[in-house]
2 protein chains.
Amino acid sequence: MASLSLRIDLGPHRIGPGKIELLERIDAAGSISAAGRAMSMSYRRAWELVEEMNGLFAGPLVSARTGGRQGGGTALTPLGHAVVASYRAIEQAATAATRQQLAELEAELAPLPTAAE
Amino acid sequence: MASLSLRIDLGPHRIGPGKIELLERIDAAGSISAAGRAMSMSYRRAWELVEEMNGLFAGPLVSARTGGRQGGGTALTPLGHAVVASYRAIEQAATAATRQQLAELEAELAPLPTAAE
């Protein structure tokens, strides 16, 4: 039951589960507004997060894709894909390295209330 | 520069850097109000967090200490010390396991602006 949730502090900025999920949803939906909506986030808020991430790294993570048969859209750049993959790999390595300690901490939790009949 | 900040999800609750720092400051100051103040937290908020943590684990993490020459005070219980130590050990293990990946992610960041003269 115990699991890790990771923020990576990068100077004055940080990336964490919310921003990474937003990037993954943009990748899946091809749209910032659809990705934000799926996370109950305003379009403005989703855009702000994308702008913040685009400014934080050496190049943009999300780019507008113009033209083509679908008349444009939005996609992750190669750097965007690399950052998502890097975060997920860090999450996996941290979880694997602490599995035993997390189980020990979990053993200190109060017993769960039994389900009401 | 890149560093991890860990939340541990424990069912509907989580513990993270803020709650752990609060426990450490209670241990150092012997007082919930002084610990909260040092973190710019209201007494009420500090108490709420302590109550939440006391209810989450098999026993309290913080206990009122009555009597004695100093006329009472507040201290971490042995379980409180164990939870703090466990969190710090998990943080250390996760950081050690991801050091190389964090450095690689950091290499993708935008160059820092040069210092103003």
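Residues numbered from 1 in each chain as written. Chains lettered and ligands numbered in written order. Predicted model: local features only at pLDDT ≥ 70, side-chain atom pairs only at ≥ 80, totals over all residues. Heavy atoms only, no water.

**Points about the side chain of A:D9**
All names here are of chain A.
So, step 1. Structurally, the position occupied by D9 is in strand β1 (residues 3–10).
So, step 2. Residue D9 is classed as buried on the basis of its relative accessible area of 17%.
So, step 3. Polar side-chain contacts of D9 include one of 2.9 Å to the side chain of R14. (Helix = DSSP H or I, 4+ residues; strand = E, 2+ residues; numbered from the N terminus. Buried < 20%, exposed > 50% of the residue type's maximum accessible area, 1.4 Å probe, protein only. Polar contact = N/O pair within 3.5 Å; in protein donor to acceptor, adjacent residues only side chain to side chain.)

**Thoughts on helix α4 (residues 78–106) of chain A**
So, step 1. Residue A:R99 marks the point of greatest curvature in α4(A), where the axis turns by about 60 degrees.
So, step 2. Looking only at α4(A), the buried set comprises A:L79, A:G80, A:V83, A:V84, A:S86, A:Y87, A:I90, A:E91, A:A94, A:T98, A:L102 and A:L105. (Bend = angle between axes of the 7 residues up to and from the residue.)

**Overview of the relation of the copies chain B and chain A**
So, step 1. Rotating chain B by 180 degrees about the axis while translating it 0.0 Å along that axis superimposes it on chain A, leaving an RMSD of 0.0 Å. Given the turn and translation reported, the copies of this chain are related as if by a two-fold rotation axis. For chain B, the residue whose C-alpha comes nearest the rotation axis is B:A94, separated from it by 2.2 Å.
So, step 2. Most of the interface of chain B is mirrored in chain A: 100% of its interface residues are interface residues there too. (Least-squares fit on C-alpha atoms with pLDDT ≥ 70 in both. Contact = heavy atoms within 4.5 Å.)

**Here we look at helix α3 (residues 43–56) of chain A**
All names here are of chain A.
So, step 1. Look at α3: 20 Å from first C-alpha to last across 14 residues, which is about the 20 Å you get at 1.5 Å a residue.
So, step 2. Those residues of α3 lying buried are A46, L49, V50, M53, N54 and L56. Looking down the long axis of α3, one finds its buried residues gathered within 165 degrees of arc, a one-sided arrangement. Away from its buried face by more than 90 degrees, α3 exposes R44 and G55. (Expected span 1.5 Å × (residues − 1). Arc of directions from axis to C-beta.)

**A word on the sheet that holds strand β2 (residues 13–15) of chain A**
So, step 1. With antiparallel pairing, four strands are arranged side by side in an open sheet as β2(A)-β1(A)-β1(B)-β2(B). Strand pairing shows two members of the sheet lacking a second neighbour, β2 of chain A together with β2 (13–15) of chain B, which therefore form its edges. On average, each strand axis in the sheet is tilted by 30 degrees relative to the strand beside it, whichever way the strands run.
So, step 2. Relative to β2(A), β1(A) runs antiparallel, the two being bridged by three bridges. In the sheet register, A:D9 faces β2(A), and the bridge partner there is A:R14.
So, step 3. Where helix α4 (residues 78–106) of chain B meets the sheet, it contacts β1 and β2 of chain A together with β1 (3–10) and β2 of chain B, and its direction lies at approximately 135 degrees from that of β1(B). (Pairing = 2+ DSSP bridges. Axes fitted to C-alpha atoms, helices over the stretch in contact; angles between N-to-C directions.)

**A word on the layout of surface pockets**
So, step 1. In this structure, the largest pocket spans a volume of roughly 170 Å³.
So, step 2. Along the wall of the largest pocket there are 13 residues; nearest its centre are A:M1, A:L109, A:A110, A:L112 and B:L56.
So, step 3. Across the lining of the largest pocket, the residue classes break down as nine nonpolar, three polar and one charged. (1 Å grid on protein atoms, 1.4 Å probe; cavity = no way out; pocket = protein on both sides within 12 Å on 5 of 7 lines; lining within 4 Å. Points joined across faces, edges and corners; volume = space filled by probe spheres on them. Nonpolar A, V, L, I, M, F, W, Y, C, P; charged D, E, K, R; others polar.)

**Let's talk about the nonpolar core**
So, step 1. Judged by nonpolar contacts, the single largest core of 64 residues is most densely connected at A:I8, A:L22, A:F57, B:I8, B:L22 and B:F57.
So, step 2. Setting aside anything within four residues of it in sequence, one finds B:I8 in contact with A:A2, A:S3, A:L4, A:L102, A:L105, B:H13, B:R14, B:I15, B:Y87 and B:I90. (Core = buried A, V, L, I, M, F, W, Y, C linked by side-chain atoms within 4.5 Å.)

**With respect to unusual backbone geometry**
So, step 1. The backbone phi angle of A:S40 is positive, close to 55 degrees, even though this residue is not glycine.
So, step 2. Owing to a relative accessible area of 74%, A:S40 belongs among the exposed residues under this scheme.

**Considering the packing of helix α1 (residues 17–29) of chain B against helix α3 (residues 43–56) of chain B**
All names here are of chain B.
So, step 1. Following both chains from N to C, one finds α1 and α3 inclined at 100 degrees, their axes separated by 11 Å at the closest point. As the angle between them shows, α1 and α3 are arranged roughly perpendicular. Here K19, L22, L23 and I26 of α1 come into contact with α3, specifically with A46, L49, V50, E52 and M53.
So, step 2. Residues of the contact of α1 with α3, tallied by class, amount to seven nonpolar, no polar and two charged. (Parallel < 35°, antiparallel > 145°, perpendicular 65-115°, else oblique.)

**With respect to the pairing of β1(B)**
So, step 1. Of all eight residues that make up β1(B), seven are buried, and the element is covered over most of its length.
So, step 2. With seven bridges connecting them, β1(A) and β1(B) associate as antiparallel partners. The residue bridging A:L4 from the neighbouring strand is B:I8, located in β1(B).
So, step 3. Between β1(B) and β2(B), which follow one another and run antiparallel, lie two residues, and B:G11 among them has a positive phi close to 60 degrees.

**As for the confidence of the model for chain A**
In regions of low pLDDT, the predicted coordinates are not meant to be interpreted in detail.
Residues and elements named next belong to chain A.
So, step 1. With 89% of its residues at a pLDDT of 70 or more, chain A has an overall mean of 90.
So, step 2. Between the elements of chain A, mean pLDDT differs from a low of 84, seen in strand β3 (residues 62–65), to a high of 97, seen in helix α1 (residues 17–29).
So, step 3. Scoring of the predicted complex yields 0.85 for pTM and 0.83 for ipTM. (pLDDT = per-residue confidence, 0-100.)

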